Every structure is written in structure tokens, then in C-alpha cells.
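# Report on the structure
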There are 2 protein chains.
Amino acid sequence: MKTIRASISGFGAVGQGVVEVLLKKEKHLKNLGLDIRVVSISDSKGSEINTEGIDLSSALTRKREKGTVALDNTSSLEIIKSIDHDLVIETTSTDIETGGIGLQNMMSAFDNGRDVVTSNKGPIALKYNELIEASRKSGSKFRFEATVGGAMPIINLIKNVLAGNDVISVEGILNGTCNYILTRMMEENAPYEQMLAESQELGIAETDPSYDVDGIDSACKLVILANTVFGLCFTYRDVDVTGISKITPESLILAQNNGYVIKLIGEVKEDLIRVAPRLVPEDSPLAVGGTLNVASIQTDLSGTVTVTGRGAGSIETASAILSDIISIYKN
Amino acid sequence: MKTIRASISGFGAVGQGVVEVLLKKEKHLKNLGLDIRVVSISDSKGSEINTEGIDLSSALTRKREKGTVALDNTSSLEIIKSIDHDLVIETTSTDIETGGIGLQNMMSAFDNGRDVVTSNKGPIALKYNELIEASRKSGSKFRFEATVGGAMPIINLIKNVLAGNDVISVEGILNGTCNYILTRMMEENAPYEQMLAESQELGIAETDPSYDVDGIDSACKLVILANTVFGLCFTYRDVDVTGISKITPESLILAQNNGYVIKLIGEVKEDLIRVAPRLVPEDSPLAVGGTLNVASIQTDLSGTVTVTGRGAGSIETASAILSDIISIYKN
């Protein structure tokens, strides 16, 4: 049995999802020879620390009852610097302007020789090269499948499963909220504003939906894909982005009458990195509805491989984090 | 640079595809730190052996001009037993009655501590447990992504990329020939026999098509999936199989008028392992046309993940073999 001592930075929906998944999968992990011991959990108010291993159920209950897991005011960054552990699970919320505390946590983790698994897009969409360089320098592992497409596996699929191929292009639907709004506008012949309101009521869109509907979230994910797959060093500001707010139900119906759907497609190839609404043939593998995400990977040897899955959800995102953890430590 | 000494057993379409891919990807492999040196290539007439590394272009040319690569009559089995090398690339043709020479080659490879990467379904659909046991005993690696779905990645996707999940069920289209015939029958409102003949003319179906159209090929692939994913020990004879030869264009049109397509679906879950024609909703991710393969993996944490790709083709299958080789030896 291999014991992995982990800290969890950020205890919102994804961080709590990670704890739920660790509880649910304890036996599965033991069968794989892995004993994941959480030595600290931090949120914005402070931390619980127990170098022997935190009682995860109690931590979850306390967070839900009191709104915080904190038992003292130690920050995640102080823990990463001072407490002995192997792995930083970084699930603080995304800051795409500066990279925020997530970026500091990751850099500090590498400085201290710790591995990082994260769902936090901001730091990677802003500072991919610096992070990769820091992880290489310290010999740390760095995995971020959960940053793109939630439970839709794409990064590890390309890097490992399709390792014999060169990738020519990747295109896909990388934001479930936009996909939901467009799908519903077509189904109901209803205007954008109405379906945005519906998706906000259902908790699919945020109160401030601009990060999703203006295409910024898709652009961040596309940059992460582009940099990992093609070894590039884009930041999300390099992406040519158009959102979905100008799309009318009339244009969706017109497309439908001609055998097409309109989808917000992120696309990267040699000389192009773009997020924009595009006409997609109804029978294309990219024409998936609802909140699904999808990506088509065009390769030199294997032709086109398409993968579809749930793009969001705390348990789904946590499952990608768990798979990354297993990939680092199994054998 | 890590040098891997490999033998290639079987030099038909897939074996030749492997050599083409090794030639095409030499630089890609060197960039990954891998120098794959082929020390022997065998076909049914004999072998070329060169412990310093065969000239792959000449071997390919000789095979295509003379119909054989053989320079002497040494068999692949004798080479596996007697010549020092790390990896057996097993691409002999499938024998689903006895496992054939492929089974002997794999068992002998493990006996001699060599790793095996294969596209040969027969041995694995018949003797999965024995092969896994033998590979474990000798500490050999054993990879067989290419046996299921050609360039559609499914085994490594489930075992590695989705490692945090328990799989509840897998269902999909595992045979491109059947999918082509059914797709064309619907498009042309034409009977089975006519579209079988068309697919034979195009080289999509074999002269004796029964292995494909009776569902045996799908059953073999399903058994390999079931055993790998669920740790079961089925053989293909345990599968409840119905083929496509009784399907009429009328039933396809009737289905279409109700929003469905008919597909030959392989399906495995706790208490069921079956290949049979099934009604699939037109907007289901499983409703892919032409020769494509598709598989939907239902998981406990990630929901349903669907993957689509080319199910056949020598380069596509060779690409899966190459990715398996990289996964064994990289780092």
C-alpha cells in the first residue's frame, strides 16, 4: 500500500466533490494499492489540518453546516510551504486576470517538490509555460484533465491513449451552459434572453453569465488544449472569441431547415485558435445537445476520434481529478 | 535513448501497417526517447532476422514484390524462443477456434519474459485469463488496444483515463462492416444482399462475410472488453449473438419514420453480454453511420462517456499498436 499525503486547497463545489469521491472510492483506491490521506483542507476562511489524516465526513458536514471548514486561519499557501505532503489538490476558483491564489499555490507546490492535480483553469490558461517549467525543474507531476471538459476525457486521451499520433486539429463544444442555451433556443424557438433566464433558474448558468456566454470559459479551455497538445504558449487573450448572445432563434431555425445546428465551437489547428458560433451538420459527431461537451481530434494516423461527455458537475470534475491522482501514483 | 528490440509476428495488412508507421514515426519516437529496433519479421513462409535491426523499407518492398518477407524458414515461434528481444508485436491473423499460432506466440513470449502488443483478437477472446496470468507470472507487459475498435480508443480510455470510475456498462457498434451495410440499406432502401455485395466490391466486407455479419467479430471484441473492464472470464461462445442478415429495408424505413435507426449493438453489463440488432434513437451518440465504430461507457462518477472512431484499417490499427508500445516504454 502506497500512502499519499494530500492537501486540498479550495473547498467549494469541486473541492467538496473531491472529498465525496475520496470517501466513496476508498475501497477502489485500496484495491489499486493507494491510501490517500488528506492532511489539510483549506477554504477562504482558513484550514483544518491533521497530519495523521482528516476525518473527511466531519469536514464535509462542518463545511455544509457552518459555511467553512476552517478550524484556524492558516492559508492554503502557508500549508503548502510548511506541512510535509506529496500532493496538492488545487480546486480554488478560477481567476483569469491574475491566476489568483491558485497560481501561487501551484508555483509554491512545485518549489516544495509537491505534485499538483487541479481543476483550476485560470493559472494554466495564463501561465502554462511557467508552470510546466517549474514542475519539470522540481521533478513534480502536474495533471489538469479536470480543467477541460469536466468528465469528458480529452487531455489524457490525446497525451496517452493516442500517443502514437500527431494531432492535426481539435475542435469541439467546450462549454455546457452555451450548449444548453442554444439547444433550448432551437427546441422552443425562443430568444436568447429567455433561455439564459431558464438556465440561470436551473443553476446551469451563473448569475453573471458573461464568463460562459461570451466564450471566455471556452477560450481558456481551448488555450489549455492548444498548449498541451501542440506544445504552444498561448494565453486566453490570444484567442479570437465570439460568444452566443447575438444568436437569434430565427437563425437557429433557418440552420435547422437546411440540416444544420448552430454550436459554439472552439477550434485549434496550426494557424488558428478561435471560439465562435458555427454551423454544424445535424449528423456530425459534434452535434450533441443539452449540456454535453464534445471534442473531435483529427490525427495523422487514427483519423478523427470524437469523445463526448458531461462537461461540468462537481462529482464529474472530481472524477477527473481522481483519475489524474491514480495515473500519477498507481505503480 | 531507450532501445527496444522487437519482433513482428505476422506480416499481413496490420503487420505491414506497423512497419509503415514505425518508418513514418521514427522521429516522433526518438523525441519520446524511444529507439524501436525490429530484429525479426515473420510471415507464414518464414522470417527475416537481423539482430542489429532490419532495414524496414527493404522488408516492406520485398514483401510487396515477392509476397513474402522470408529469407529463411525460421518460424515466429522459434524466434520468440531463441532470439534475445524485449517486445513481440503479434499481428498474425485471428483464429477464434483454437487461438492458432497467435496464442502460442503470446504464451511463449511470456514464458521468455517478453512484452506483447497485439491486434489479434482470437487468443484474447478464447484464453484471456490464461494470458493475463502468464504475463503476470513473468512480469511482462501485455497490451491489446488494437483488438477492439481499431483506432477507436476504448480499453486504455477505460483502464487509464477513466481509472477513478467504476464502469456500469459498455455498449456500442464494434463492427464497421455491419454498420456500413445497415447505413447503406437505409440510405438506398435496398436489401441486405445488395449492400453486402457493394461492401464486398469496396473491400469493406470479406469474400466470406459471416465472421462480420453474423456478429462473431463483434462478440469477440465484446468479450475482450468485458473481461478487461469487469475482470470477467467470458469466451466469445458465452455471448448471445444475433447478426444482421435478417434485417429488411422495410424495418429500417419503419424505424427511421419513428426517429430511430437500427444498429448492431454489442452490450455488456452485470448480468448481460449480447450482440444484437437494436433500435437506437437518431439523436443518440450511438447513431453513427458508415464504417465508424462507437462505444458508450456508463460510469458511476463521470456519467456516460462516448467515443467514436475508425474501427478498421491497417494504419489505424497500427496506430493503436504504436500507442500501446509508447505507453509501455515511455519513461
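Above this text is the structure in question.
Residues numbered from 1 in each chain as written. Chains lettered and ligands numbered in written order. Predicted model: local features only at pLDDT ≥ 70, side-chain atom pairs only at ≥ 80, totals over all residues. Heavy atoms only, no water.

## Some thoughts on the overall build of chain A
- Of regular secondary structure, chain A possesses 13 helices and twelve strands.
- For chain A, whose C-alpha radius of gyration is 20 Å, the value lies close to the compact-globule estimate of 20 Å for 331 residues.
- C-alpha atoms of chain A, sized along the principal axes, occupy 65 × 45 × 40 Å.
- By residue count, 59% of the 331 residues in chain A fall in the buried class.
- Within chain A, counting contacts between residues at least 6 apart in sequence, those at least 24 apart form 70% of the total.
- In the form shown here, chain A has an accessible surface area of approximately 13200 Å², with 46% of it arising from carbon and sulfur atoms. (Helix = DSSP H or I, 4+ residues; strand = E, 2+ residues; numbered from the N terminus. Rg over C-alpha atoms; globule rule 2.2 N^0.38 Å. Buried < 20%, exposed > 50% of the residue type's maximum accessible area, 1.4 Å probe, protein only. Contact = heavy atoms within 4.5 Å. Areas by Shrake-Rupley, 256 points an atom, 1.4 Å probe, with all protein chains shown as cover.)

## So, the nonpolar core
- Core analysis: the largest hydrophobic core is formed by 138 residues, its most contacted members being Phe142, Ile154, Val170 and Ile244 of chain A together with Phe142, Ile154 and Ile244 of chain B.
- Counting 33 residues, the second-largest nonpolar core is a separate cluster that includes Ala6, Leu87 and Ile325 of chain A together with Leu301 of chain B. (Core = buried A, V, L, I, M, F, W, Y, C linked by side-chain atoms within 4.5 Å.)

## Regarding helix H3 (residues 56-66) of chain A
Residues and elements named next belong to chain A.
- For H3, every residue scored as buried is listed here: Leu56, Ala59, Leu60, Arg62 and Lys63. Mapping the buried residues of H3 onto a view down its axis gives an arc of 165 degrees, with all of them on the same face. Away from its buried face, by an angle of more than 90 degrees, H3 presents the exposed residues Glu65 and Lys66. (Arc of directions from axis to C-beta.)

## What about the relation of the copies chain A and chain B?
- At an RMSD of 0.0 Å, chain A and chain B line up after a rotation of 180 degrees and a shift of 0.0 Å along the axis. What the rotation and shift describe, once combined, is the action of a two-fold rotation axis. Using C-alpha coordinates, one finds that chain A approaches the rotation axis most closely at Val307 of chain A, a distance of 2.2 Å.
- Mapped onto chain B, 100% of the interface residues of chain A again fall at the interface, so both copies present the same surface. (Least-squares fit on C-alpha atoms with pLDDT ≥ 70 in both.)

## With respect to the interface of chain A and chain B
- If you look at the interface, chain A gives 34 residues, while chain B gives 34 residues.
- Together, the buried faces of chain A and chain B total about 2800 Å²; carbon and sulfur atoms form 57% of this surface.
- Per-residue buried area on chain A facing chain B is highest for Lys25, Val161 and Leu301 of chain A; these three make up 22% of the total on that side.
- Summed over the shared surface of chain A and chain B, the number is four salt bridges. (Buried area = accessible area lost by both parts, 1.4 Å probe. Salt bridge = Lys/Arg side-chain N within 4 Å of Asp/Glu carboxyl O.)

## Examining helix H12 (residues 249-257) of chain A
Residue and element names in this part refer to chain A.
- Turning to H12, its buried residues are Pro249, Leu252 and Ala255. Taken end-on, H12 shows its buried residues confined to a sector of 125 degrees, consistent with a single buried face. When the buried face of H12 is taken as reference, the exposed residues oriented beyond 90 degrees from it are Glu250, Leu254 and Asn257.
- Residues of H12 that are buried make contact with helix H8 (176-188), strand S9 (260-269) and strand S10 (272-281).
- Phi turns positive, to about 85 degrees, at Gly259, one or two residues after H12.

## Quick look at the pattern of salt bridges
Residues and elements named next belong to chain B.
- Summed over all chains, the structure comprises 36 salt bridges over all chains.
- For Lys63, the salt bridge is made with Asp43, and the minimal N-O distance between the two is 3.1 Å. Within this pair, whereas Lys63 is found in helix H3 (residues 56-66), its partner Asp43 is found in strand S2 (residues 34-43), the two being separated by 20 residues in sequence.
- Classification of Lys63 by relative accessible area gives buried; the value is 14%.
- You can call Asp43 buried: its relative accessible area is 13%.
- With a closest N to O distance of 3.5 Å, Asp217 and Lys121 form a salt bridge.

## Observations regarding unusual backbone geometry
- One non-glycine residue, Asn189 of chain A, lies in the positive phi region at around 50 degrees.
- Tracing the backbone shows Asn189 of chain A in the loop between H8 and helix H9 (192-201).

## What about the side chain of Asn293 of chain B?
Residue and element names in this part refer to chain B.
- Within the secondary structure layout, Asn293 lies in strand S11 (residues 292-299).
- Owing to a relative accessible area of 0%, Asn293 belongs among the buried residues under this scheme.
- A polar atom in the side chain of Asn293 sits 3.4 Å from the backbone oxygen of Leu174.
- Polar contacts involving the side chain of Asn293 include one to the main-chain amide nitrogen of Gly176, which spans 3.4 Å.
- If we ignore the near neighbours within four places in the chain, the residues touching Asn293 are Gly149, Met152, Ile173, Leu174, Asn175, Gly176, Val307, Thr308, Gly309 and Gly311. (Polar contact = N/O pair within 3.5 Å; in protein donor to acceptor, adjacent residues only side chain to side chain.)

## Considering the packing of aromatic side chains
- Tallied over the entire structure, the rule returns six aromatic pairs over all chains.
- Relative to Phe144 of chain B, the ring of Tyr128 of chain B has its centre 6.2 Å away and its plane inclined at 90 degrees; by these criteria the two rings are edge-to-face. Here the residue Tyr128 of chain B occupies a position in helix H6 (residues 121-138), and Phe144 of chain B occupies one in the loop between strand S6 (142-143) and helix H7 (155-161), the gap between them amounting to 16 residues. For the residue pair Tyr128 of chain B and Phe144 of chain B, the accessibility class agrees, reading buried in each case.
- An aromatic cluster is defined as three or more aromatic residues linked by ring pairs; in this entry it consists of Phe110, Tyr128, Phe142 and Phe144 of chain A. (Phe/Tyr/Trp six-rings, centres within 6.5 Å; stacked < 30°, edge-to-face > 60°.)

## Digging into the state of the cysteines
Residue and element names in this part refer to chain A.
- In total, this model carries zero disulfides over all chains according to the counting rule given.
- Of the cysteine sulfurs around Cys220, a residue in no disulfide, the closest is that of Cys178, at 13 Å.
- Of the residues examined, Cys220 reaches a relative accessible area of 0% and is grouped as buried. (Disulfide = S-S within 2.5 Å.)

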